[in-house]
There are 4 protein chains.
Amino acid sequence: MFHNISQRFIATRQRTLKLAAPLSEADMQVQAEDFASPGKWHLAHTSWFFEEFILQTLGFKSLLAEPYRFLFNSYYDSVGQRQPQNRRGLISRPSLKEILDYRQEIDHALLTAIDAGLDPSLLKLVELGVHHEQQHQELFLTDILYNLSQNPLNPAYLTNKDLQSMQTNHAGDKTLQVFNGGLVNIGHDQDRFCFDNEMPMHQVFIAPYRLANDLVTNADWIDFIEDGGYQNPLLWLADGWKVAQQEQWQMPLYWQKNDQYFAYTLYGLQPLNLAAPVCHISFFEADAFARWAGKRLPTEAEWEFAASQQTVAESTSDNMSYVPQPRLNNTQGLQQLYGDVWQWTASPYVAYPGFKTSPGAVGEYNGKFMNGQYVLRGSSIATASHHARASYRNFFYPHQRWQFTGLRLAE
Amino acid sequence: MFHNISQRFIATRQRTLKLAAPLSEADMQVQAEDFASPGKWHLAHTSWFFEEFILQTLGFKSLLAEPYRFLFNSYYDSVGQRQPQNRRGLISRPSLKEILDYRQEIDHALLTAIDAGLDPSLLKLVELGVHHEQQHQELFLTDILYNLSQNPLNPAYLTNKDLQSMQTNHAGDKTLQVFNGGLVNIGHDQDRFCFDNEMPMHQVFIAPYRLANDLVTNADWIDFIEDGGYQNPLLWLADGWKVAQQEQWQMPLYWQKNDQYFAYTLYGLQPLNLAAPVCHISFFEADAFARWAGKRLPTEAEWEFAASQQTVAESTSDNMSYVPQPRLNNTQGLQQLYGDVWQWTASPYVAYPGFKTSPGAVGEYNGKFMNGQYVLRGSSIATASHHARASYRNFFYPHQRWQFTGLRLAE
Amino acid sequence: MFHNISQRFIATRQRTLKLAAPLSEADMQVQAEDFASPGKWHLAHTSWFFEEFILQTLGFKSLLAEPYRFLFNSYYDSVGQRQPQNRRGLISRPSLKEILDYRQEIDHALLTAIDAGLDPSLLKLVELGVHHEQQHQELFLTDILYNLSQNPLNPAYLTNKDLQSMQTNHAGDKTLQVFNGGLVNIGHDQDRFCFDNEMPMHQVFIAPYRLANDLVTNADWIDFIEDGGYQNPLLWLADGWKVAQQEQWQMPLYWQKNDQYFAYTLYGLQPLNLAAPVCHISFFEADAFARWAGKRLPTEAEWEFAASQQTVAESTSDNMSYVPQPRLNNTQGLQQLYGDVWQWTASPYVAYPGFKTSPGAVGEYNGKFMNGQYVLRGSSIATASHHARASYRNFFYPHQRWQFTGLRLAE
Amino acid sequence: MFHNISQRFIATRQRTLKLAAPLSEADMQVQAEDFASPGKWHLAHTSWFFEEFILQTLGFKSLLAEPYRFLFNSYYDSVGQRQPQNRRGLISRPSLKEILDYRQEIDHALLTAIDAGLDPSLLKLVELGVHHEQQHQELFLTDILYNLSQNPLNPAYLTNKDLQSMQTNHAGDKTLQVFNGGLVNIGHDQDRFCFDNEMPMHQVFIAPYRLANDLVTNADWIDFIEDGGYQNPLLWLADGWKVAQQEQWQMPLYWQKNDQYFAYTLYGLQPLNLAAPVCHISFFEADAFARWAGKRLPTEAEWEFAASQQTVAESTSDNMSYVPQPRLNNTQGLQQLYGDVWQWTASPYVAYPGFKTSPGAVGEYNGKFMNGQYVLRGSSIATASHHARASYRNFFYPHQRWQFTGLRLAE
């Protein structure tokens, strides 16, 4: 089970640095909103996680353990007081250089500890730390995108080399596939790593349903806009209509309309790819769109039941472009489950029957957030390789739009 | 099905006036928070409902139909623009006298119409209007309680005649009863009136569970307080902890502690009845209490499955006191399902599989609120007679406390 | 000096009741914004003032002295804790009837005390209390106007009998009169009653200046609007521009424009009288208008120096209409100093050199408000008879518009 | 008059770079509150000022003139749209390197233009630009102090070399000196550079007064604290008391009390120097202190009249420490007018009689801020050499504390 844990640790830690490479210290200092942590903070927090939950148990204490414990604890009340989330952008010191030194200090200590032999419970926490860092890699990208987006110069995270060639007009097959459901097992059986919120595996009754073979596209979304979708309260949940009015939503986050539609992306401002999946929409928008289309969002059980019947196509974010791409022309059946955009479901994020939090501070990892959020399934262009699986439960609040979020219809 | 609809209409309309009788026009003018509508507004809105959805269809137009349509529309976007909810307390004119005249005008018109013969779809809307008014009777009491509570003089809605004699020290039997669950039917089969959100009846799989025979009491809650329940973030959902800190929650709404505990009630400030069910707690507090007690909240399906195995005990709010009472000494088994306090469940308020909104503006009645709220089951001391049933789905936001809300434990 | 103090007390108390007569208890319960106290509160507070500062000294204690001391203390920290200003509208009890009874209780006690003989310092406080109540009479009218204005039905405080006949097209003479100024005395010499903030009389040097003979009219203001006055930031103080944008000011408070201009008044919505003085403008608007007109606002010293050279024309609010009227056709020279609209000056409200607060709690009457406000001079249609004088210093914040405020130009 | 303008320009521009030298790009990226602009922004804005108001007139256009005009315009509505003040910290690009390059580009262009010969009106604008940059040097230091202060690590701008040796226990002479006042001239006569708000020179009548020879010290302030100054509303203006309660003021900004008092400074957290002038207090606190001391704040005319009778002692900020120092032991008479802390006066910041704004966009420099602020006189440890003079009018809002502000008593 923990074969090659050192190699996976090293690979994950290196990928984080690779993601940070195109950015200046100033780029990684900015926190444009409470939810969009500075890049530098992610670099530090993911290191602190290994120190707090593993190395500290072994008696290791980094040079600046005390202030870092305060500065880089995200939300663990068991650990103690911490820098408020909305004030992470104020921490110009420690500098980026000091944070990178801290990462090396942790890397060295952890690899030494693994070599010396860790007991299974700590090895499990190393594995959790690796998956934790992969989650923060995705957040790093979404936060950087948001923070850079607030600059009126539309700066690019990466230069735009081959973006145009990737565009296509493939419109998807627009068909929905029938699934019979029944009394089925949902959740993870723990033969490999999973987060606690995917457990326990349990029985759910699902009535027969149909699920779209592909994702809703930007072209579909323009139809919704132009049919007055953002002006018709009868399509919206009341809470959604309220926030849409307050925030004056007229299109997805990052879109601009001049003579044509553009989207701000990690490559700067780009013409909208009509055939690509719509991205950066809230649950409220997804729900309104589905109602407008005469359909609905699938439940998470419906999504998982369908997805569990196929293998996870390899996520592509490590070697491809960081914008969602259209469905490939030569594919058939249920597509785009992983690697494009997270897919909002109709399911509020609550505990599975029999859910137990993990012992210790990591028990705060998932359980305490089970209120007011919706489950998203699949994975996105920002998700690390080997991170996605059919039982994975991502979750965000219904008004949030800065993640790589889209939708797949059901009925 | 609609036998005696006139009598039920008359009885319901009269009960509303009876509830308003102890109050002055000034008492019914106040709106202390956005959510606590003025008493006078409830009197007008419940009348407008009959005009808008029934009488208008028949060509009837009240004397002041146009301004009232704006002033007393609650949330129906299909109907048009309206007075914002948080500004209902500003409407000193029309006066209470004018609103009472309006009620008579509507009563006369509706009874005349019923006598002349209404087609079944309109008769169904009359029945909906009666149940709608019963819901507002409960809101009338909870809003009046809240609005009067903001007066530092602790004024009483009713004088306190026999309250002390009702107090008892019965502590309940504290046992949990086993239910086997399985693949069961949940929801209403429409043989009698129900709201759209109780439909359709559908299959749900429930694992075996245990449900408390009685409600959590004020004495239980004091144990929670004195064990530091309001100071320990590890007991709370993160969103709940945040609101508890912001609002500085230390005890249920309306409680005061001097040398002993008191609660502000519809009878003014009263010593706390330790054996009575705890009331005016939020979902967040109920959830934290359950975790502290090593238990959990039941799902709405678990509650309904258990409750559907017994008949609805007659609600007592029309002829008894308007404070929750302790469990009777001579009872056994599952008790206090109805007529004391609404019981928070662990279930977010979402659509049942296959849910369809009603056609027309009344389609906005329930469906658009299916976000961010939790289902409560049972009924309370403020619920009208003949209003409760096992499939009834009440719903409020998890931070709200001004309703008559308590909890029953499960595991 | 205190001849006839009983008669003046009685007359003032009666006028308050006369002002309240057209209103229901509900009308006097509403508080639409923090600054607009309920009518009922004014009735109670002006009575409490006599109890707190005079009767209490004599050993008198009203039936409900303790709660009323909390409820109806406006801002006297020396007196103790109090109901927050923004929550005055929540006090439905005591009822209007109880407040009117309280007024009678105070009236009787105070008149008895005067008859029995009061020492001079208390007689001075009675006189202060009378002037205090006159100030609240004006606030009563401005607050009622504001509170009723928030009702979309545009209800009228008084019925509109002779309003149309009062309208005229006299445009004023638009000339400015020269004053030489010099080293002059400003302030009150205390031969008769004045507030502490008018003292001490002191020397001020004023350079020669010119002051407009009449007030800026509604017709003038329309010119400002139509010349883009509300769209040009270069005319405005930075703080004023900010509030004008936030509040989306496009015209004075209470104005509406359909095919023509209307103003909401104490007589309901009325066509705008073009020749009448503009009213319900903030200092920021007055200042911007003056800059647009190539003029400026006078200082308070300039206003007082000019006004002190003429006698106070009898204020007309007791027997005339409660809307500002145009200048009379047959008048010459400096006009409209009193009885139409308060006139914003360029002078921040600060202490005169050598200013001393009165001893005791009434020392909080004026002095602690000497920050951030501007002085207004003259009086308005809502000011009581015999209340105005050349040295009177009224003061409001520069963004406030709900008083009867206009302007007179200088250069 | 403009002899050596190039040298003064060069010296000023170099001092700005010297002030920035101890800071990283991240340190200069942070904006902890709306009012505390990032260091990098100051470097750019002071350069843009020369381009916008001088070089552009000459046909010069920098490489990135268009985006910089939007990004680095502070508040000039005449110039056009701009980055909102509270979002200056989001601009991670242009980078610090690009801003430094921009400074060089502007320096070169301006020096070339001066060498080629500028007409007098442009030379006056160069001089204005130099004084403008000196003002921003002070803001740079106060903003950096504030932005670093929000880091819980208490980072130091400069290392603390000789601070302890500077401390002393000299308590000042505590005497007040008599000035006779009379009808005097106040304001600047324009024989040398001054800002428009210092003009025109005009006559003011001042009654005889007394002015303290030295500044209120930290030891004095501790007496105020320990006598309950922050707990007694009767010492405070009402607006001041409100903000003091909301912000929970218990001591000056940057003070901490453990077993003894400390102050956060540009040298990090330091023990409080009791004999040094109190610093980082608001007008409201200064006013409350003066009332507590049985004194008052001087008017700006009183301050200027006294100060104009002596020459400006050379400001010391360029070669000494950046914390206020105690009065020197061997001095007599009126001391500490300049170079320690700005001194709050009782005078609201308004236009002098006859004030005219400058033509063009620089007319927005001072005039539009003449509302709601108070005048401060003197200069501080952060003020550039040759920048102070007796007629200088600095101004801030009465609640602001992040400047180097203290007080001198009068009576």
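Everything numeric in this text was worked out from a predicted model, so none of it was measured.

1. Let's talk about the overall build of chain A
Across its full length, chain A holds 10 helices and 11 strands. Relative to the 2.2 N^0.38 estimate, which gives 22 Å for 411 residues, the radius of gyration of chain A is 21 Å and therefore close to what a compact globule would have. The principal-axis extents of the C-alpha atoms in chain A amount to approximately 60 × 55 × 40 Å. Taking all 411 residues of chain A together, 62% fall into the buried category. If you take every contact in chain A between residues at least 6 apart in sequence, the share linking residues at least 24 apart comes to 81%. Carbon and sulfur atoms make up 52% of the accessible area of chain A, which amounts to about 16,000 Å² in all.

2. Re the environment of C:G117
If you trace the backbone, C:G117 turns up in the loop between α4 (96-116) and α5 (120-149). The spacing of C:G117 and C:Y75 is 42 residues in sequence and 30 Å in space, taken between C-alpha atoms.

3. Digging into the relation of the copies chain D and chain A
Of the transformation superimposing chain D on chain A, the axial component is 0.0 Å and the angular component is 180 degrees, with the fit at an RMSD of 0.0 Å. The two molecules are tied by a two-fold rotation axis, judged by turn and shift. Every residue of chain D has its C-alpha some distance from the rotation axis, and the shortest such distance is that of D:A26, at 2.6 Å. Both copies present the same face, since 100% of the interface residues in chain D are matched by interface residues at the equivalent positions in chain A.

4. So, the relation of the copies chain B and chain A
Note on the identical chains: chain B maps onto chain A by a rotation of 180 degrees and an axial translation of 0.0 Å, with an RMSD of 0.0 Å. A share of 96% of interface residues in chain B that are also interface residues in chain A marks the association as one of identical surfaces.

5. Some thoughts on the environment of A:E304
Residue and element names in this part refer to chain A. Along the chain, the position of E304 falls in helix α10 (residues 300-307). Apart from the residues lying within four places of it in its own chain, the contact partners of E304 are I186, G187, Y352, R377, A390 and S391. There is a polar contact of 2.9 Å between the side chain of E304 and the side chain of R377.

6. Notes on the sheet that holds strand β8 (residues 342-348) of chain C
Residues and elements named next belong to chain C. Here we have 4 strands laid out as an open sheet, ordered β10-β9-β8-β11, and mixed in their pairing. A single partner strand is all that each edge strand has here, and the edge strands are β10 (394-396) and β11 (405-406). Where β8 and β11 come together, 2 bridges link them in parallel fashion. Paired with Q343 across the two strands is G406, which belongs to β11.

7. So, the packing of aromatic side chains
The tally for this structure, following the rule as stated, stands at 136 aromatic pairs over all chains. Both rings, one in B:W221 and one in B:F289, keep their centres 4.9 Å apart while their planes meet at 10 degrees; by these two values the pair is stacked. Remark: B:F289 occurs in helix α8 (residues 283-292) and B:W221 occurs in helix α6 (residues 218-226); sequence separation between them is 68 residues. Across the pair, exposure class does not vary: B:W221 and B:F289 are buried alike. If you follow D:R393 out to its NZ or CZ, it ends over the ring of D:Y352, 3.9 Å from the centre.

8. Some remarks on helix α5 (residues 120-149) of chain B
The periodicity of an α-helix, 3.6 residues per turn, causes residues three or four places apart in sequence to face the same way. End to end, α5(B) covers 43 Å across 30 residues, agreeing with the expected 44 Å (1.5 Å per residue, within 8%). Within α5(B), 25 of the 30 residues are buried, which leaves it mostly tucked inside the rest of the structure.

9. Structural notes on the interface of chain D and chain A
Taken together, the contact between chain D and chain A spans 27 residues of the former and 27 residues of the latter. Here chain D and chain A share an interface that buries about 2,100 Å² over both sides, 56% of which is from carbon and sulfur atoms. Between the two partners, chain D and chain A, sit 2 salt bridges. Ionic pairing is found between A:D27 and D:R93, a salt bridge with its closest N-O pair at 2.9 Å.

10. Here's the deal with the pattern of salt bridges
Following the criterion strictly, the structure yields 88 salt bridges over all chains and no others. Note that C:E300 is salt-bridged to C:R393, the shortest N-O span being 2.8 Å. With C:E300 in helix α10 (residues 300-307) and C:R393 in the loop between β9 (374-377) and β10, this pair connects stretches of sequence that are 93 residues apart. Here the salt bridges do not stand alone but share partners, grouping A:R13, A:R103, A:D107 and A:E133 into one network.

11. Looking at the arrangement of the chains
No part of chain A reaches chain C; the closest C-alpha pair between them is 15 Å apart. Across the gap from chain B to chain D, with no contact made, the nearest C-alpha atoms are 15 Å apart.

12. Digging into the pairing of strand β9 (residues 374-377) of chain D
The side chains of a regular strand alternate, residue by residue, between the two faces of the sheet. Residue and element names in this part refer to chain D. Burial along β9 is two-sided: Y374 and L376 facing one way and V375 and R377 facing the other are all buried. Note: strand β8 (residues 342-348) against β9, 3 bridges, orientation antiparallel. Bridge assignment links W344 to a residue of β9, and that residue is L376. Here β9 runs beside strand β10 (residues 394-396); their pairing, made up of 3 bridges, is antiparallel. Directly across from L376, in β10, lies its bridge partner N394.

13. Remarks on the confidence of the model for chain A
Residues and elements named next belong to chain A. Chain-level statistics for chain A give a pLDDT mean of 93 and a share of 94% at 70 or above. Within the model, the stretch residues 315-319 combines pLDDT values under 50 with 17 contacts to residues more than four positions away or in other chains. On the interface metric, ipTM, the complex scores 0.95, and its pTM is 0.96.

14. Remarks on the interface of chain B and chain A
Between chain B and chain A, the contact holds 25 residues from the first and 25 residues from the second. Of the roughly 1,900 Å² buried between chain B and chain A, counting both surfaces, carbon and sulfur atoms make up 60%. Counting the surface chain B buries against chain A, the share from its top three residues, B:F205, B:D239 and B:N371, is 27%. Where chain B packs against chain A, one counts 0 salt bridges. Broken down by secondary-structure element, the contributors of at least two residues to the side of chain B that touches chain A are β3 (202-206), α7 (238-246) and α8 of chain B. Across the side of chain B that touches chain A, the residue classes break down as 16 nonpolar, 5 polar and 4 charged.

15. Thoughts on unusual backbone geometry
Put simply, B:R93 and B:P94 share a cis peptide bond, and its omega is 5 degrees. Locating B:P94 in the fold gives a position in the loop between α3 (65-72) and α4 (96-116).

16. Quick word on the side chain of A:N394
Residue and element names in this part refer to chain A. Along the chain, N394 falls in strand β10 (residues 394-396). Assessed through its relative accessible area of 13%, N394 is described here as buried. Sequence-distant contacts of N394, defined by excluding residues within four places in its chain, comprise W342, Y374, V375 and L376.

17. What to know about the domain arrangement of chain A
Residue and element names in this part refer to chain A. Domains assigned within chain A are domain 1 (5-149) and domain 2 (160-406). Here the C-alpha centroids of domain 1 and domain 2 sit 27 Å apart. Between domain 1 and domain 2, the contact holds 28 residues from the first and 29 residues from the second. Buried area between domain 1 and domain 2, summed over both chains or domains, comes out near 2,600 Å², and the portion from carbon and sulfur atoms is 62%.

18. A few points about the side chain of A:Q403
All names here are of chain A. Mapped onto the secondary structure, Q403 falls in the loop between β10 and β11 (405-406). In this structure Q403 comes out as buried when scored by relative accessible area, which is 3%. At 3.1 Å, the side chain of Q403 forms a polar contact with the side chain of T142. Ignoring sequence-local partners within four residues, the contact set of Q403 consists of E138, L139, T142, H280 and F396.

19. Quick look at the sheet that holds strand β7 (residues 268-271) of chain B
All names here are of chain B. Read from one edge of the open sheet, 3 strands run β5-β6-β7, paired in antiparallel fashion. What marks the edges here is a single partner per strand, and that holds for β5 (255-257) and β7. Strand-to-strand twist of the sheet, defined as the mean angle between neighbouring strand axes without regard to direction, takes the value 30 degrees. As defined by bridge partners, β5 adjoins strand β6 (residues 261-265) across 3 bridges and the pair is classed as antiparallel. In the sheet register, Q256 faces β6, and the bridge partner there is F262. Where α6 meets the sheet, its contacts fall on β5 and β6, and the angle it forms with β5 comes to roughly 60 degrees.

20. A look at helix α4 (residues 96-116) of chain D
Residues and elements named next belong to chain D. The end-to-end C-alpha separation of α4 is 30 Å, in line with the 30 Å expected for 21 residues at 1.5 Å each. Buried within α4 are the following residues: L96, I99, Y102, R103, I106, D107, A109, L110, A113 and I114. Those residues of α4 hidden inside the fold are in contact with α1 (5-20), α2 (39-55), α3 (65-72) and α5 (120-149).

About the cut-offs
- Residues numbered from 1 in each chain as written.
- Chains lettered and ligands numbered in written order.
- Predicted model: local features only at pLDDT ≥ 70, side-chain atom pairs only at ≥ 80, totals over all residues.
- Heavy atoms only, no water.
- Helix = DSSP H or I, 4+ residues; strand = E, 2+ residues; numbered from the N terminus.
- Rg over C-alpha atoms; globule rule 2.2 N^0.38 Å.
- Buried < 20%, exposed > 50% of the residue type's maximum accessible area, 1.4 Å probe, protein only.
- Contact = heavy atoms within 4.5 Å.
- Areas by Shrake-Rupley, 256 points an atom, 1.4 Å probe, with all protein chains shown as cover.
- Least-squares fit on C-alpha atoms with pLDDT ≥ 70 in both.
- Polar contact = N/O pair within 3.5 Å; in protein donor to acceptor, adjacent residues only side chain to side chain.
- Pairing = 2+ DSSP bridges.
- Phe/Tyr/Trp six-rings, centres within 6.5 Å; stacked < 30°, edge-to-face > 60°.
- Lys NZ or Arg CZ within 6 Å of the ring centre and 35° of its normal.
- Expected span 1.5 Å × (residues − 1).
- Buried area = accessible area lost by both parts, 1.4 Å probe.
- Salt bridge = Lys/Arg side-chain N within 4 Å of Asp/Glu carboxyl O.
- pLDDT = per-residue confidence, 0-100.
- Nonpolar A, V, L, I, M, F, W, Y, C, P; charged D, E, K, R; others polar.
- Domains from an automatic or database assignment.
- Axes fitted to C-alpha atoms, helices over the stretch in contact; angles between N-to-C directions.

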